[in-house]
Structure formats: C-alpha cells, structure tokens
Amino acid sequence: MATSEELHKRRVEAVARGVGSTIPAYVDRAGGGTITDVDGREWIDFAAGIAVTNVGNSAPRVVEAVRAQVERFTHTCFMVAPYESYVAVCEQLNALTPGGFGKRSALFNSGAEAVENAVKIARHATGRPAVVVFDHAYHGRTNLTMALTAKNMPYKHRFGPFAGEVYRVPMSYPLRDGGLDGATAAARSIEMIEKQVGAENVAALLIEPIQGEGGFVVPAEGFLPALREWATAAGVVFVADEIQTGFCRTGDWFACEHEGVEPDLITLAKGIAGGLPLAAVTGRAELMDAVHVGGLGGTYGGNPIACAAALASIETMRELDLAAAARRIGAVMGERLRAIAAGDPRVAEVRGRGAMLAVEIVVPGTLTPDPAATAAISAACHAAGLLTLTCGTYGNVLRFLPPLVISDDELGRGLDILAAAFG
Ligand SMILES: *Cc1c(COP(=O)(O)O)cnc(C)c1O
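Computed from a prediction, not measured in an experiment: that's the story for all the values here.

**Q** Could you give me a rundown of the sheet that holds strand 9 (residues 265-268), with the residues and numbers involved?
**A** Spatially, seven strands are ordered 4-10-9-8-7-5-6 in an open sheet, and the strand pairing comes out mixed. Two strands lie at the open edges of the sheet, namely strand 4 (103-108) and strand 6 (166-169), each paired on one side alone. The sheet shows a mean angle of 20 degrees between the axes of neighbouring strands, direction not considered. Pairing of strand 7 (residues 202-207) with strand 8 (residues 237-241), which is carried by four bridges, proceeds in the parallel orientation. Paired with Leu205 across the strands is Phe238, a residue of strand 8. Lying on the sheet, helix 7 (residues 182-196) is in contact with strand 5 (130-134), strand 6 and strand 7; it crosses strand 6 at an angle near 150 degrees.

The structure is reproduced here in structure tokens:
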C-alpha cells in the first residue's frame, strides 16, 4: 500500500489546490472514535468528518443497510421511478423534528443544496424576496449560500458577484457583545430588519441555533424564542439550519428543542446518514406543499443507498440513545475543558452544548483573537494523535465534535492529548 507521504505527492499533482485537508495523512480505515492512516498511525477522532459520523464510521447497521440496498438497486431517480426508503426517511424526519403540526420533507445531496431549497420554498410560499441571516453565519459554498455565509476568507474571496436580497444582522454572541441578554440582542436584530429591510419584504429568517463554522457561538438564552415570536407575527418563515447541530449532536435530536423553538423549516444534512451524502428540508406542510409539482428535486436527491443509510443511522441513534451519549460526552469534555481554561489565560470561554463544544483563544487579558496560538495548539494535537478542528470568524476557536459512539477510553485519551497540547 502507498504511504501517506507518497499519496500526498500524487495528490499535489492531481487534486486542485483549493481543496484543503486538515492532516496530511491518508485514511485506511476508521470506526468508533479513531481514524487509522495507511501507515498504521492512529488518531483519536474529535472531528467526526465535521459532525457527520455521529453514529461512528462504518456503523454496523449502516454497513448492513447499504450492502443490502446496493445489491437491490443503486439509482432510479425518485423523480422518475420512486421507492419506499425515500418516503420512509421523510416520515422519520417529519416525526423527529420539533413541532406537532403537519409536515413534509424533500431530500437533496448536500447541506448547501438543502439551504438553497429552503430559501426557494420560503420565497415561493410568501411571495417575498428578502432573506435575513446573521453575523458569523455559515450556510455553504454555492452561489446563494456563499451570499448567506458571513466569512470572506476562505469561503467567498474572489468568488463573487453573489446572489442578491440577502441581509445580515447582528448575532447574539455573549462573549463579544458585552453579554447582551437574549431578548435585547433579538430586539437589536429585529430593529435592523424592520428599518433596513422591512418585515413585509422578508421571506425567511435563517439561523443556526448554535453556529458551526462561525465559532460554535451559542446565542444568549431567549434570543431564538424572541426571533421565532417575531417571525410568526411578521409572517416570516423561520428556518433553522440544523445541518451541524442536528441528529443528537447537542444532546437533543435537534438543537432548537433546547429552548422549545419550533422552526417552520429545518435544513438537515451532515449527521443524517452515517457518512453518506444526504440532505433534507423538513417543515410545515402548507409551506412545503406551496411549491408546484416539479418545482423541487434533483437527479441524485434522496439516493436509495443514502436513504437506506439514513434509516439505519436514525435507528442506531434511537437504539443507542445517542442524544444521551452526547450529553455524557459533553459533561466529561466540559469538565476537562473548564479545567484547562482555569489554568490558561488564553482561553476566553468554553462553550457549546452536548458533544459540540469549543474553546475560544485570545491574547491573555484581552478579547483580541489569537489565531496563531489556536493553530499552534491544533498542530500539537495533530502531532500527538488527536484530530481536532478550528473554526470562527477570527480563526481562533478550537472545536470538538467526537463521534457519539466514542468510547470512554478514547475520549479520555483524546482529552489527555488536548490538555498536554495546551502545555
Ligand atoms: C456544513 C454546513 C452547511 C453546508 O453543508 P454542505 O453539505 O457542506 O453543503 C450548511 N450549514 C451549516 C450550519 C453547516 O454546518
């Protein structure tokens, strides 16, 4: 077998430079809480392929379901010749997502595609053009979703012009907004929408209940419910982007549940199918069904193998109670992170929920972001066999997203490496 070094040489000659990788090691196999490269080196996995393999890599039920499906048929296109598993995934999503009202779902391939379709549905149903998004938001890399995403480098730089009718308002970011309470922070955002856009022009308010790429920003309590209430009164479609937070990651099936928020539409992807590409928009039947027949779809959306994997993943989450596992991981990890923070003035804050935790790194005694220190700590983790990710508008947040099936031993070893990397 080729070594990681050999593969890296081939990659540089074959793969576009714009596609980066966190570690230069090439994967041979992965499962539970570890990834092993072609040289036999093992990493504790605190990334889960960016919150995708919540049920673990090659989860037994997923492997079995994929194998069975791939032998029956691989693709017919649901828009041409439909099949049961697509319908069954939609039934599961309608039942699992918050809100007791009638729902419908549509399936797509990627998170960005789900977000694009949520915007299409909201615009179609309301007849309004504008979409409101937040500072630090991340919604994808397609043209519309680049416009919705806040951060220039690396996501938007020189990729414009971008889609129009996108308006950005302040996020509740307690560490950096002087600790504004949720209601006050929401009032500030709402006033900006009403004065600068006009509520009657707004089709959708799109928000991540806990921001992902933007820095694992957890809004102050009350922020999401206040926005939800305003959207209802203003006839604005409230869209929760749960692509990173969904599927047990934060200790509930969906992060919105924490404050009892019921979105009109939810976008889903990442953790949905144990690593196979699948995404969804789930929401109120009257909004989803407003769109004419043939108005939604795509060649691969709801591919039968991905649907089989999703059904097996959801079953795994239910049987292993991975929401409870996420809360347990969060308790163990949170305690260790707070101990690190207590002894290291570079850590401005430990935040997140469940198995979606992060630390924000600053110049001690200030709130000045320190992306260089963040990168150095991350590199020390990688060198010592722990796969961590960074995020944040300022590149100064270390985020931790272990698979929810990580063992106590693997979690403990990962946290030991992390503590040592802080020095
Ligand atoms: C990853 C992500 C997306 C984009 O999903 P892709 O599958 O990469 O297109 C959108 N929104 C959020 C919150 C994400 O974390």
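Additional details are given in the paragraphs that follow.
**Q** Explain the site of the ligand residue by residue, including any values.
**A** Residues in close proximity to the ligand include Ser110, Gly111, Ala112, Tyr138, His139, Glu208, Asp241, Ile243, Gln244 and Lys270, which together make up its full environment. In the environment of the ligand, an oxygen atom lies 2.8 Å from a nitrogen or oxygen atom belonging to the backbone of Ala112. With respect to the ligand, the backbone of Tyr138 contributes an N or O atom lying 3.4 Å from a nitrogen atom. Calculation on the ligand without its partners gives an accessible area of 380 Å², and the protein chains cover 82% of this total. When its residues are assigned to classes, the shell around the ligand shows three nonpolar, four polar and three charged.

**Q** Can you explain the layout of surface pockets? Please cite residues and give values.
**A** Of the volumes computed, that of the second largest pocket is approximately 240 Å³. What lines the second largest pocket is Arg104, Ser105, Ala106, Met288, Asp289, Val291, His292, Val293, Gly294, Gly295 and Leu296. Here the lining of the second largest pocket takes three residues from strand 4, the largest share from any one element. Here the lining of the second largest pocket is composed, by residue class, of five nonpolar, four polar and two charged.

**Q** For the sheet that holds strand 13 (residues 386-387), give the residues involved together with the corresponding values.
**A** The mixed open sheet is built from four strands, whose spatial order is 1-2-3-13. Edge strands, defined here as strands with exactly one partner in the open sheet, are strand 1 (27-31) and strand 13. Here strand 3 (residues 42-45) pairs with strand 13 via two bridges, running parallel. Note on strand 13: the bridge partner recorded for Ile44 is Leu386. Helix 13 (residues 408-422) rests against strand 2 (34-37), strand 3 and strand 13 of the sheet, and its axis sits at about 100 degrees to strand 3.

**Q** Describe in detail the domain arrangement of the chain, supporting the description with residues and values.
**A** By the assigned domains, the chain splits into domain 1 (4-47 + 321-422) and domain 2 (62-320). Of note, the centres of domain 1 and domain 2, computed from C-alpha atoms alone, are 25 Å apart. On the domain 2 side, the residues contacting the 33 residues of domain 1 number 29 residues. Roughly 2500 Å² is buried in total at the junction of domain 1 and domain 2, and carbon and sulfur atoms are behind 57% of that figure. If you sort the residues of domain 1 by the area they bury against domain 2, Arg353, Met356 and Thr393 come out on top, with a joint share of 31%. Summed over the shared surface of domain 1 and domain 2, the result is two salt bridges. Residues Glu213 and Arg399 are paired through a salt bridge, measuring 2.8 Å at the closest nitrogen-oxygen approach. Here domain 1 is connected to domain 2 by 21 residue pairs in polar contact (both at pLDDT 80 or more). Of all the elements in the fold, those that place two or more residues in the side of domain 1 that touches domain 2 are helix 11 (322-342), strand 11 (347-353), strand 12 (356-361) and strand 15 (397-400). Take the side of domain 1 that touches domain 2: its biggest share by element is five residues, from strand 11. Of the residues contributing to the side of domain 1 that touches domain 2, the split by class is 20 nonpolar, six polar and seven charged.

**Q** Can you break down the packing of helix 3 (residues 60-72) against helix 10 (residues 304-319) residue by residue, with the values?
**A** It is at 8 Å that the axes of helix 3 and helix 10 come closest, and there the two elements cross at 155 degrees. In terms of orientation, helix 3 and helix 10 fall into the roughly antiparallel class. The two elements helix 3 and helix 10 cross, and the hand of that crossing is right-handed. Mapping the contact onto sequence places Arg61, Val62, Ala65, Val66, Gln69 and Val70 in helix 3 and Pro304, Ile305, Ala308, Ala309, Ala312, Ser313, Glu315, Thr316 and Glu319 in helix 10.

**Q** Describe the environment of Ala186, with residues and values.
**A** When you line up the elements, Ala186 lands in helix 7. Taking the C-alpha atoms as reference points, Ala186 and Val239, 53 residues apart in sequence, are found 16 Å from one another. Sequence-distant contacts of Ala186, that is, excluding residues within four places in its chain, are made with Phe223, Ala226 and Leu227.

**Q** Tell me about the pattern of salt bridges, and name the residues and values.
**A** Any two side chains of opposite charge can pair, on the condition that their charged atoms come close. Here the structure, examined in full by the defined rule, presents 16 salt bridges. The partner of Asp28 in a salt bridge is Arg29, and the shortest N-O contact between them spans 2.5 Å. Close ionic contact of Glu360 with Arg176 constitutes a salt bridge, the shortest N to O distance being 2.7 Å. In this pair, Glu360 is assigned in strand 12 and Arg176 in the loop between strand 6 and helix 7, connecting sequence segments 184 residues apart.

Cut-offs and rules
- Residues numbered from 1 in each chain as written.
- Predicted model: local features only at pLDDT ≥ 70, side-chain atom pairs only at ≥ 80, totals over all residues.
- Heavy atoms only, no water.
- Pairing = 2+ DSSP bridges.
- Helix = DSSP H or I, 4+ residues; strand = E, 2+ residues; numbered from the N terminus.
- Axes fitted to C-alpha atoms, helices over the stretch in contact; angles between N-to-C directions.
- Contact = heavy atoms within 4.5 Å.
- Near = heavy atom within 4 Å.
- Polar contact = N/O pair within 3.5 Å; in protein donor to acceptor, adjacent residues only side chain to side chain.
- Areas by Shrake-Rupley, 256 points an atom, 1.4 Å probe, with all protein chains shown as cover.
- Nonpolar A, V, L, I, M, F, W, Y, C, P; charged D, E, K, R; others polar.
- 1 Å grid on protein atoms, 1.4 Å probe; cavity = no way out; pocket = protein on both sides within 12 Å on 5 of 7 lines; lining within 4 Å.
- Points joined across faces, edges and corners; volume = space filled by probe spheres on them.
- Domains from an automatic or database assignment.
- Buried area = accessible area lost by both parts, 1.4 Å probe.
- Salt bridge = Lys/Arg side-chain N within 4 Å of Asp/Glu carboxyl O.
- Parallel < 35°, antiparallel > 145°, perpendicular 65-115°, else oblique.
- Left-handed = near helix turned anticlockwise from the far one by under 90°.

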